[in-house]
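One-letter residues, chain by chain:
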Amino acid sequence: MSNPKPLVLVDLDDNLFQTARKMTETPIHVASRTEAGEPSGYMTAAQKQFVAWLLNTADVIPVTARSIEAFSRVEIPFTGSAICSHGGVILTPEGKPDDAWLARTSEVLRPYQEQLRNLSEQAIQIGGELGHSLRGWVVEELGTGFYTVTKDNNSSESALSELLAEMRKRGLIGNMYVHINGNNLAFLPNELNKKYAVQEIIRRDKEANGERPVIGYGDSISDLGFMSQCLFWGTPNNSQITRAIMEKVDD
């Protein structure tokens, strides 16, 4: 039976909400919290209205780099499935990992486990050599490492760009692909991508609901992979995607 609602696949951070320092208006509408329970992400008034409209008119599936635990700290009341850890995990509407998908990703990522740990350690070490104070870790779910995250403790985007250039110069990245946006640098195995999980979600949805509009929303260049699987897509006016497009237009 067809479903009259559209299916919306939506990235979270810097798309539906962001940290207070990135806002021009007073942060009021809390969207996520730290592990200690303090507010960490806020919606603008327009974002809050947009989220309410989406939840009232569509079946909404978050597509996020956040781990299961970090996603649990998002306070937007999603009710369906969710994609976490850059596509490594699909959560059921009950909030449980989909066993079949987790088994698949765990198997294909098995050869990367030592490389991910080494990359994370090398990033911190090289950043220190360059004079930067960094923190980093391997995002793990249920015993499997998925990808690395490195952040600058002073929230300097130039520090991460300098680090990435140096790691490329030393030939350390190898068969990984890179996500860099704001104070976030990630190295990911090619087999891990939001796009693959979205393809699976769309396949399952077609079996259950038939053809219906599928809409994607994201802000990072790395989101374009999953957004390209959708019939329509959109991005914030100040996003990394928008800036990249406008640079091409201005050229």
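Structure's up top.
All of these numbers come straight from a predicted model, not from anything done at the bench.

1. Comments concerning the environment of Met176
Here Met176 lies in strand E9 (residues 176–180). Residue classification places Met176 among the buried positions, given a relative accessible area of 8%. Taking the C-alpha atoms as reference points, Met176 and Tyr147, 29 residues apart in sequence, are found 9.3 Å from one another. Other than its neighbours up to four places away in sequence, Met176 contacts Tyr112, Gln115, Leu116, Leu119, Phe187, Leu188, Pro189 and Asn190.

2. Notes on a nonpolar patch on the surface
Residues Trp233, Ile245, Met246 and Val249 make up a contiguous nonpolar surface patch of roughly 390 Å² in combined accessible area. Per-element accounting of the nonpolar patch gives the leading share, 3 residues, to helix H8 (residues 240–250). As for its position among the elements, Met246 is in helix H8. Residue classification places Met246 among the partly exposed positions, given a relative accessible area of 40%.

3. Some points on helix H6 (residues 194–209)
The end-to-end C-alpha distance of H6, which contains 16 residues, comes to 22 Å, matching closely the 22 Å that a straight helix rising 1.5 Å per residue would cover. The N-capping residue of H6, defined by a side-chain oxygen 2.9 Å from the backbone nitrogen of Lys195, is Asn193. Gly210 sits one or two positions beyond H6 and adopts a positive phi of about 75 degrees.

The rules behind the values
- Residues numbered from 1 in each chain as written.
- Predicted model: local features only at pLDDT ≥ 70, side-chain atom pairs only at ≥ 80, totals over all residues.
- Heavy atoms only, no water.
- Helix = DSSP H or I, 4+ residues; strand = E, 2+ residues; numbered from the N terminus.
- Buried < 20%, exposed > 50% of the residue type's maximum accessible area, 1.4 Å probe, protein only.
- Contact = heavy atoms within 4.5 Å.
- Patch = residues over 30% accessible without salt bridge, like charges linked within 9 Å, V, L, I, M, F, W, Y side chains within 5 Å.
- Areas by Shrake-Rupley, 256 points an atom, 1.4 Å probe, with all protein chains shown as cover.
- Salt bridge = Lys/Arg side-chain N within 4 Å of Asp/Glu carboxyl O.
- Expected span 1.5 Å × (residues − 1).
- Polar contact = N/O pair within 3.5 Å; in protein donor to acceptor, adjacent residues only side chain to side chain.

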